[in-house]
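Listed below are the residues making up each chain.
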Amino acid sequence: VQTCALPIFYMHVDKALLLWLLGVKDLGLYTAALAASAVVNSVTNSAGMVVFIMTAKEIKGQGYDKVVKAFRMSALLWLLFGGMLAILMPFFLPFIYGNDFAVAVNPARMLILGSAFAGLAVLLEQSMRGQGRAYVGLEGRLWGIIVMVAISTGLSKTLGLMVICLAFGIAPICCLAC
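Summary of the structure given here. Keep in mind the model is a prediction, meaning the values are calculated, not measured.

1. Things to note about the pattern of salt bridges
Side-chain pairs of opposite charge can arise where the charged atoms are in close proximity.
Thought 1: Considering all chains together, one arrives at 1 salt bridge under this definition.
Thought 2: Across the salt bridge formed by K15 and D14, the nearest N and O atoms sit 3.1 Å from each other.
Thought 3: Among the residues examined, K15 registers a relative accessible area of 22% and is labelled partly exposed.

2. Regarding the nonpolar core
Thought 1: In this structure, Y30, M89, L93 and L111 are the most contacted members of the largest nonpolar core, which totals 34 residues.
Thought 2: Broken down by secondary-structure element, the contributors of at least two residues to this core are α1 (2-21), α2 (24-37), α4 (64-97), α5 (105-130), α6 (134-159) and α7 (161-177).
Thought 3: Take this core: its biggest share by element is 8 residues, from α7.
Thought 4: Membership of the second largest hydrophobic core comes to 5 residues, among which are A47, V51, V67 and A70.

3. Here's the deal with a nonpolar patch on the surface
Thought 1: Among the surface-exposed residues, M73, L76 and L79 lie close enough to one another that they form a single nonpolar patch of about 330 Å² accessible area.
Thought 2: Mapped onto the elements of the fold, M73 is located in helix α4.

4. Here's the deal with the environment of A116
Thought 1: Checked against the element boundaries, A116 lands in helix α5.
Thought 2: The exposure class of A116 is buried, given its relative accessible area of 10%.
Thought 3: In the structure, A116 is positioned 47 residues away from K69 in sequence and 16 Å away in space, judged by C-alpha atoms.

Cut-offs applied
- Residues numbered from 1 in each chain as written.
- Predicted model: local features only at pLDDT ≥ 70, side-chain atom pairs only at ≥ 80, totals over all residues.
- Heavy atoms only, no water.
- Salt bridge = Lys/Arg side-chain N within 4 Å of Asp/Glu carboxyl O.
- Buried < 20%, exposed > 50% of the residue type's maximum accessible area, 1.4 Å probe, protein only.
- Core = buried A, V, L, I, M, F, W, Y, C linked by side-chain atoms within 4.5 Å.
- Helix = DSSP H or I, 4+ residues; strand = E, 2+ residues; numbered from the N terminus.
- Patch = residues over 30% accessible without salt bridge, like charges linked within 9 Å, V, L, I, M, F, W, Y side chains within 5 Å.
- Areas by Shrake-Rupley, 256 points an atom, 1.4 Å probe, with all protein chains shown as cover.

Set out below in structure tokens:
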């Protein structure tokens, strides 16, 4: 049960913090920006499933080269497609959600980077799970939550929505670092 609860909490802590610290209007902008920025997420999610299967078949401690190759390929795809998405975001977001959401373009651009780091963290977590080390990813997520809460509560009143987006991007870097 504990291996399931923390990832679910991790996926929603940003929205709960945003609602608590900034309110419903910013939550709406953030949700639209997050949905638009995560368009490319299927790339790393798919890679994560493949890496899990590949590493589960390997002897414990082996398969590092396959993980590195998948990580590099996913990072390259994120750079390519995420960059294209960032360039197209001023047209894409208002077209899908309406002109009222044009102010969410820059938060969406920042969330693209955060989504990329989150996807890459999932890829590494899946490789660790495939090797029987499920708790390593949980520790990273816990540190990510702590960092996200600290940044958000400390700076949201002065920097607003952008600081939540920044915290969303820094939290998965903590996951990667663990």
